[in-house]
Amino acid sequence: MSTRTSALDAVVFGVDVQSGDVRGDVSYALVAFDGEHVDRDVVSRRKLRRLIRDERPAIVATDNMYELAENKDALVHFLGELPDETTLVQVTGAERPEPLSRVANRHDVPYGKDPMKEAEAAARLAANNVGQVVSAFTDETEVKVSRGRSTGGGGGWSEDRYTRRIHGSVKKRTREVESELQEAGLDYEREVTEKYGGFSNAVFTVEGRPRDIPVSNERAGDVRVEVERVRRDGIEFRPLAKRRDHVVVGVDPGTTTAVAIVGLDGEVLDVLSTRTADSAEVTEWIVERGRPVIVAADVTPMPSTVEKLRRSFDAAGWTPDRDLPVDVKQHRTREEGYDNDHERDAMAAAFGAYDAHKDQFERIAAKVPPGQDVGPVVARVVTGGESVETVLEDLRDDGGDGGDDGAADGPDNEQSPEQRRISQLESQVAQLQSHVESLEDTIDEKDAEIDDLEGKLSEARSETRKEARKDREVTRLERENRRLQGEIDEKDDRIEELEGKLERLKALWKLDHSNFADVSEAKEGLTPVKVVEQFTSDAIDDADERFGLAEDDVIMFRDASGAGASTADKIVDVDPKLVLRNGGLSDVADEILFKHDIPVAPANLVTIQEVDELAVAREREVEAAVEDWNERAEERERERNAAMVDRLISEHRAGDRGESD
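> Can you walk me through the overall build of the chain in this structure?
Counting its secondary structure elements, the chain contains 17 helices and 21 strands. Expressed as a percentage of contacts within the chain between residues at least 6 apart in sequence, the contacts between residues at least 24 apart total 60%. Total accessible area on the chain is roughly 37500 Å²; 44% of this is exposed by carbon and sulfur atoms.

> Looking at this structure, how should I read the pairing of strand E14 (residues 291-296)?
For a regular strand, side chains alternate in direction, first toward one face of the sheet and then toward the other. With 6 of 6 residues buried, E14 lies mostly within the body of the structure. The pairing of strand E11 (residues 246-252) with E14 spans 5 bridges and is parallel. Among the inter-strand pairings, Val-247 is bridged to a residue of E14, identified as Pro-292. Bridge count between E14 and strand E15 (residues 316-318): 3 bridges; the pairing is parallel. Each bridged residue has a counterpart across the sheet, and for Ile-294 the counterpart in E15 is Ala-316. Note that the unit made of E14, helix H7 (residues 304-313) and E15 has a crossover that is right-handed.

> How should I be thinking about the packing of aromatic side chains in this particular structure?
Given two aromatic rings, one states the distance between the centres and the angle between the planes to describe the pair. Tallied over the entire structure, the rule returns 4 aromatic pairs. Ring centres of Tyr-188 and Phe-204 lie 5.7 Å apart, and the angle between their planes is 70 degrees; on these two criteria the pair is classed as edge-to-face. Residue Tyr-188 is located in strand E7 (residues 188-195), and its partner Phe-204 is located in strand E8 (residues 198-207); the two are separated by 16 residues in the primary sequence. Judged by relative accessible area, Tyr-188 falls into the partly exposed class, the value being 22%. Owing to a relative accessible area of 0%, Phe-204 belongs among the buried residues under this scheme. When the ring of Phe-535 is compared with that of Phe-557, the centres are 4.0 Å apart and the planes differ by 5 degrees; the resulting orientation is stacked. Taken together, the residues span a long stretch of sequence, with Phe-535 in the loop between strand E16 (526-534) and helix H14 (537-546) and Phe-557 in strand E17 (residues 554-559) at a distance of 22 residues.

> Sorry if this is basic, but what is going on with a negative patch on the surface here?
Judged by side-chain charge, Asp-489, Glu-490, Asp-492, Asp-493, Glu-496 and Glu-499 come together as a negatively charged surface patch. Looking at the element boundaries, Glu-490 is found in helix H12 (residues 417-506).

> Help me out: how do you make sense of the sheet that holds strand E13 (residues 268-274) in this one?
Whenever strands of a sheet pair, they do so through backbone hydrogen bonds, lying parallel or antiparallel. Strands sit in the order E13-E12-E11-E14-E15 across an open sheet of 5 strands; the sheet is mixed. Of all the strands in the sheet, just E13 and E15 have a single pairing partner and so form its edges. On average, adjacent strands in this sheet sit at an angle of 25 degrees to one another, irrespective of strand direction. Contacts from H7 reach E11, E14 and E15 within the one sheet, and its direction differs from that of E14 by about 155 degrees. Against the sheet, helix H9 (residues 341-367) contacts E11, strand E12 (257-263), E13, E14 and E15, and its axis sits at roughly 140 degrees relative to E11.

> Sorry, what's going on with helix H4 (residues 115-127) here?
With 13 residues, H4 extends 18 Å between its outermost C-alpha atoms, agreeing within 8% with the 18 Å of an ideal straight helix rising 1.5 Å per residue. Most of H4 sits out of view: 11 of its 13 residues are buried. Every buried residue of H4 is listed here: Pro-115, Met-116, Glu-118, Ala-119, Glu-120, Ala-121, Ala-122, Ala-123, Leu-125, Ala-126 and Ala-127. Residues of H4 that are buried in the fold lie against strand E1 (12-20), strand E2 (26-33), strand E3 (38-44), strand E4 (59-62) and helix H3 (100-106). Sitting at the head of H4, Asp-114 places a side-chain oxygen 2.9 Å from the backbone nitrogen of Met-116. Directly after H4, the chain includes Asn-129, whose backbone phi takes a positive value near 65 degrees.

> Would you mind going over the pattern of salt bridges with me for this structure?
Where charged atoms from two side chains of opposite charge come close, those side chains can pair. Counting across every chain of the model gives 45 salt bridges. Between Arg-190 and Glu-178 there is a salt bridge; the shortest N-O distance is 3.1 Å. Of this pair, Arg-190 sits in strand E7 while Glu-178 is found in helix H5 (residues 159-183), placing the two residues 12 residues apart along the sequence. Given the relative accessible area of 18%, Glu-178 is considered buried. Its salt-bridge partner being Arg-640, residue Glu-591 comes within 2.4 Å of it at the nearest N-O pair. Taken together, the residues Glu-591 in helix H16 (residues 587-595) and Arg-640 in helix H17 (residues 619-660) connect sequence positions 49 residues apart.

> Would you mind showing me how to read the nonpolar core here?
For soluble globular proteins, the rule of thumb is that nonpolar side chains tend to be buried together. The biggest cluster of nonpolar side chains holds 29 residues, and the ones touching the most others in it are Ile-294, Phe-361, Ile-364, Val-377 and Val-382. At the level of elements, E12, E14, E15, H9, helix H10 (375-384) and helix H11 (388-397) are the ones that each hand at least two residues to this core. Counting residues per element, this core draws most heavily on H9, at 9 residues. Among all residues touching Phe-361, those that are not within four sequence positions of it are Val-248, Leu-264, Ile-294, Tyr-354, Val-378 and Val-382. Membership of the second largest hydrophobic core comes to 28 residues, among which are Val-26, Leu-82, Ala-94 and Phe-137.

> Whenever I open this one, the environment of Ala-563 confuses me. Can you help?
Looking at the element boundaries, Ala-563 is found in the loop between E17 and helix H15 (565-574). Residue classification places Ala-563 among the buried residues on the basis of a relative accessible area of 9%. The spacing of Ala-563 and Val-588 is 25 residues in sequence and 8.2 Å in space, taken between C-alpha atoms. Once residues within four sequence positions are removed from consideration, Ala-563 is found in contact with Phe-535, Leu-585, Ser-586 and Ala-589.

> I tried to follow the pairing of E1 on my own but got confused; where do I start?
In this structure, E1 lies alongside E4, joined through 3 bridges in parallel fashion. Counterpart to Phe-13 in the pairing with E4 is Val-60. Between the antiparallel neighbours E1 and E2 lie 5 residues.

> Can you help me understand H14 in this one?
In an α-helix, one turn spans 3.6 residues; hence positions three or four apart end up facing the same way. Burial in H14 covers these residues: Ala-539, Ile-540 and Ala-543. Within H14, the buried residues cover an arc of 100 degrees as seen down the axis, which keeps them to one side. Exposed side of H14, more than 90 degrees from the buried face: Asp-538 and Glu-545 are the residues found there. In this structure, the buried side of H14 is in contact with E16, E17 and H15.

Procedures and definitions
Residues numbered from 1 in each chain as written. Predicted model: local features only at pLDDT ≥ 70, side-chain atom pairs only at ≥ 80, totals over all residues. Heavy atoms only, no water. Helix = DSSP H or I, 4+ residues; strand = E, 2+ residues; numbered from the N terminus. Contact = heavy atoms within 4.5 Å. Areas by Shrake-Rupley, 256 points an atom, 1.4 Å probe, with all protein chains shown as cover. Buried < 20%, exposed > 50% of the residue type's maximum accessible area, 1.4 Å probe, protein only. Pairing = 2+ DSSP bridges. Right-handed = clockwise from strand over helix to strand, strands pointing away. Phe/Tyr/Trp six-rings, centres within 6.5 Å; stacked < 30°, edge-to-face > 60°. Patch = residues over 30% accessible without salt bridge, like charges linked within 9 Å, V, L, I, M, F, W, Y side chains within 5 Å. Salt bridge = Lys/Arg side-chain N within 4 Å of Asp/Glu carboxyl O. Lys, Arg positive; Asp, Glu negative; His and termini not counted. Charge placed at Lys NZ, Arg CZ, Asp CG, Glu CD. Axes fitted to C-alpha atoms, helices over the stretch in contact; angles between N-to-C directions. Expected span 1.5 Å × (residues − 1). Polar contact = N/O pair within 3.5 Å; in protein donor to acceptor, adjacent residues only side chain to side chain. Core = buried A, V, L, I, M, F, W, Y, C linked by side-chain atoms within 4.5 Å. Arc of directions from axis to C-beta.

Okay, structure coming up:
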């Protein structure tokens, strides 16, 4: 498909799935339509995207946007890849699309079920301004200037100098970008993050699309510049039609003026809410979108501003029997999207007028011949009170051109396309000029009001930015406060636990004090016991590190079975008053302790009371255990001596026998 001379302003691509599944391998029927010529081709997904990128069509038209992407995320990605000049149009409507056959028939466009014919129908409909523009991006663009490399090291530079250089480069490029935006006359907001030596990043939110911005993506040395359109919260639809069809207009006047445009089929075409636009701008906005047949309000009687607008269009008026309740307005507009209550009220007014005339519209449409525009007939019947038959007869006499755009010219009573366009424009001019007299008196007043409002707007934007920064800081501090509060709660729990433990230990801590005699009297003859889990080197070292093992201590082993020579030597070095054991003690350890006069007794001989890591025993029981060991030690020593004497006598006798032999 090549560049061509076009009867339209640009080429329209019509697309429909030829074969395959959009979630996998898929091919598309592609039709390029320029108003005169039609080119057809079957292309792959990759080739379709390349053709869109290279030829930059004004519109990519389809009957279902999800034939181009399998889900919402993929659709957003597809929209992000479209050239700035290209829009995606769903010709069958917005969230609730109609069948393509019905839309094509209504607009007298050839249709067939073959994918190539459906693609051509979509292209022709979009070329006639039929359909909804699919958008996932706003008209704002974010320009971000940031560091192009990490500040973690300088390749020979000192870290401070390296970091300062990078931040200085970001700050310099930020000023250059700001200067370029100002020279281009673009409105923007700037937020910067100051760091040591300059800026770590700066973000410009610019009123405009990337093609309007004199800055592009770049990465040079220390600085990176990224240009990206601002995403919407979701997918948005807006009417492609800027044709001047006959419409129903709902108006909600006030400080904020809202206007809703509803087609004769009951579909919302566009909605506006503004605090700054005057009546002339509102009128022009309506004129660009259609020819009002009915102008409606949601209250009765009709407000003077709405009545003035109705008269300027020479349209019929509609008001409810009584002011529409809020719940009625909410119910009637429940399936439509709106930004505020003013837009809701304007839509409710337009829907009220449409509902009141719906049967009349349908009766008129049934009498209008196929292929003839219903709008002019509806306008004359509703606003002028004429009969359908009279209007149709007049239109036939005028050549069937609709009657609103001027009579036919020439001997054959036919107009060329250029003449019809001139007639349409002349009709628009005449209609707009009818507003001039009523609007000129308000221009000076509105100019002064605009200046005042612009000043207030500038102040409000500045205040809003301050509030936004304040809110972000408050949010950060609240998050930090919650984190610190959590830490405090944990520490409070720990303190409570330790305080309980402290209360239990207060009665015992003095037991290890140097003035033990006084404490013993106060505690009725208690003595501290130091508990060691096992008779092993590691357990002894751990106990010594935690609470210390000293001379004349009473030491209790919960498990004495692991004792050996080296561990016994460690206890000998401590020189305790008594060793209490649970379980058996090895012969080696027992011998070493006995040899060094270290008393050893079973733990069940002494009553021990434990509190956490500390324990106490009755001193009289400890003394009794020591005394018992001393008695057993004397007996053991006597037995050893007797055994030794017996051994010496035996050895002596054995020697004497040897000599006699």
